[in-house]
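Each chain, written out:
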Amino acid sequence: MKNLLSTFLAIAFLAFTSSLTEQAPPSKKAVLKKLKNEFGFIPSGNVVLEDQNLSVQAFYMAKTTVTNGEYKAFLDDLKVSGALDKYELAKVDSMGWKKLPNTDMQSFVKDYFSHPAYKDYPVVNVSKEGAQLYCEWLTEKSNASLPKEKHLKFRIPMKAEWLRAAEGTNAQKNYTWDGPFLRNDQGEFLANFSRVPESSISRNDQGELMIVKDVTQFPNNATTTDVLAPAHSYWPNEFGLYNLNGNVAEMLADKNEVIGGSWYDGGYDIRNRSTKEYKGASPMVGFRVVATLVN
């Protein structure tokens, strides 16, 4: 199945790439290299979800969340093709940056989605409807030159699929990497999340740990020091996937949840099984796609 799906994806990406550019289509070798760099193969396996042991069939998952550049190509194509109703549903709500409390995000409102410097960063402030339309568009473009029996479907992952990709062969681990820590042996952080300086950790009179904010030390925009990292950051897991923990929380197809935590969450809240209710477009939420053969 792996080699078969690799071939289909290679052809699909060739059709997809050539449909979006005036340049000559890349060679098959170049497309296969692109596929290898952008998708990881997740073999079939089991996932425990809501006290049930579920069998998850093999699939491919994008190594990164969808980027600003990829999503912009989608929106531009909708405008060119005259699909303005879909464009209105899918467009980025950059004003979402202003909803963050006690922060000045005006530069992100202006530049994050539109400036070329951010083209390889995760797209955020998009609705679930927009994410689903992107997947439908990618499916249509990819299948344009494929025979019907070889068609692919790109979509948002199911929760069991996402957990299978994050946990791999060890369902007991809290993060997609091995070990319970947020730093590696060299002291480097393994994910993008909101960090609290050790000098701000204290205990109250009952001996409980608490965070003390020193206003002289932390300005109002302290939480925006790092904000988002490029989609291809930190280190991949065993399947070659990046940033399943932190950076952006990711949408799920079958649940009204986002999973994996974001740059705005603390380290405990970026675990593999960290979920929050999906409440619409947000600067903390993005999405990743999976690819399967159409039955």
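For the structure itself, consult the block above.
No experiment lies behind these values; they were computed from the predicted model shown. Within each chain, residues carry numbers counting from 1 in the order of the written sequence. Under the rules for a predicted model, residues below a pLDDT of 70 receive no local features and side-chain atom pairs below 80 are neither given nor counted, while totals for whole chains, interfaces and linings still include all residues. For side-chain calculations, the full set of non-hydrogen atoms in the structure is used, while hydrogens and water are omitted.

Chemist: Is there a simple way to think about the pattern of salt bridges in this case?
Modeler: Between side chains of opposite charge, a pair can form as their charged atoms come close. Salt-bridge detection follows one rule: a side-chain nitrogen of Lys or Arg within 4 Å of a carboxyl oxygen of Asp or Glu. Applying the stated criterion across every chain, the model contains 13 salt bridges. Here arginine 155 ties to glutamate 161 by a salt bridge, and the two come within 2.7 Å at their closest N and O atoms. The exposure class assigned to arginine 155 is buried, which follows from its relative accessible area of 18%. Arginine 273 is the partner of glutamate 167 in a salt bridge, and the nearest nitrogen-oxygen pair spans 2.7 Å. Of this pair, glutamate 167 sits in helix H7 (residues 159–167) while arginine 273 sits in the loop between strand S9 (257–259) and strand S10 (275–277), and the two are 106 residues apart along the sequence. The cut-offs for exposure are 20% and 50% of the maximum accessible area for each residue type, with area from a 1.4 Å probe on protein chains only; residues under the lower value are buried, those over the upper are exposed, and the others partly exposed. Judged by relative accessible area, which is 3%, glutamate 167 ranks as buried. When its relative accessible area of 37% is taken as the criterion, arginine 273 is described as partly exposed. One salt-bridge network, held together by shared partners, links Lys173, Asp178 and Glu238. Numbering of helices and strands starts at the N terminus; helices are DSSP runs of H or I of at least 4 residues and strands are runs of E of at least 2.

Chemist: Quick question: what am I supposed to make of the nonpolar core here?
Modeler: Burial of nonpolar side chains together is a common tendency in soluble globular proteins. We call a set of buried Ala, Val, Leu, Ile, Met, Phe, Trp, Tyr and Cys residues a nonpolar core when their side-chain atoms join them within 4.5 Å. Formed by 34 residues in total, the largest nonpolar core has its most connected members in Tyr71, Phe74, Leu75, Tyr134, Phe287 and Val289. Of the residues forming this core, the biggest block, 6 residues, is contributed by helix H6 (residues 128–143). With 17 residues, the next largest nonpolar core counts Phe59, Met61, Leu163 and Phe239 among its residues.

Chemist: When you look at the side chain of threonine 176 in this model, what are you seeing that I'm missing?
Modeler: Relative to the assigned elements, threonine 176 resides in the loop between H7 and strand S6 (201–203). Its relative accessible area of 7% is what places threonine 176 among the buried residues. Polar contact criterion, stated in full: a pair of N or O atoms within 3.5 Å, where within protein one must be able to donate a hydrogen and the other to accept it, and residues adjacent in sequence count only if both atoms are side-chain atoms. Here alanine 166 takes part through its backbone oxygen, which lies 3.0 Å from a polar atom of the side chain of threonine 176. Only heavy atoms enter the contact rule, under which two residues are in contact if any of them lie within 4.5 Å. Residues in contact with threonine 176, not counting those within four places in the same chain, are Ala165, Ala166, Asn237, Leu244, Asn245 and Asn272.

Chemist: How should H6 be read in this particular structure?
Modeler: Residues spaced three or four apart along an α-helix face the same direction, because each turn holds 3.6 residues. What a helix should span is 1.5 Å times the count of its residues minus one. Compared with an ideal rise of 1.5 Å per residue, which puts 16 residues at 22 Å, H6 spans 23 Å between its outermost C-alpha atoms and is within 8% of the ideal. Lys128, Gly130, Ala131, Leu133, Tyr134, Cys135, Trp137, Leu138, Thr139, Lys141, Ser142 and Asn143 are the residues of H6 that are buried.

Chemist: What's the story with the sheet that holds strand S12 (residues 290–293) in this structure? I'm lost.
Modeler: Adjacent strands of a sheet form backbone hydrogen bonds with each other and so pair up, either parallel or antiparallel. What the 4 strands build is an open sheet, ordered S1-S4-S12-S5; its pairing is antiparallel. Only two strands of the sheet have a single neighbouring strand rather than two, namely strand S1 (39–42) and strand S5 (152–155). The average angle at which neighbouring strand axes cross in this sheet is 30°, direction not considered. Strand pairing follows a simple DSSP-based rule, namely that at least 2 bridges must link the two strands. Strand direction decides the pairing type here: strand S4 (residues 59–62) and S12, joined by 2 bridges, are antiparallel. Pairing of methionine 61 across the sheet is with valine 290, part of S12. Simply put, an axis is a line fit to the C-alpha atoms, just over the touching stretch for a helix, and the angle between two N-to-C directions goes from 0 to 180 degrees. Each of S1, S4, S5 and S12 touches H7; the most contacted strand, S4, lies at about 75° to it.

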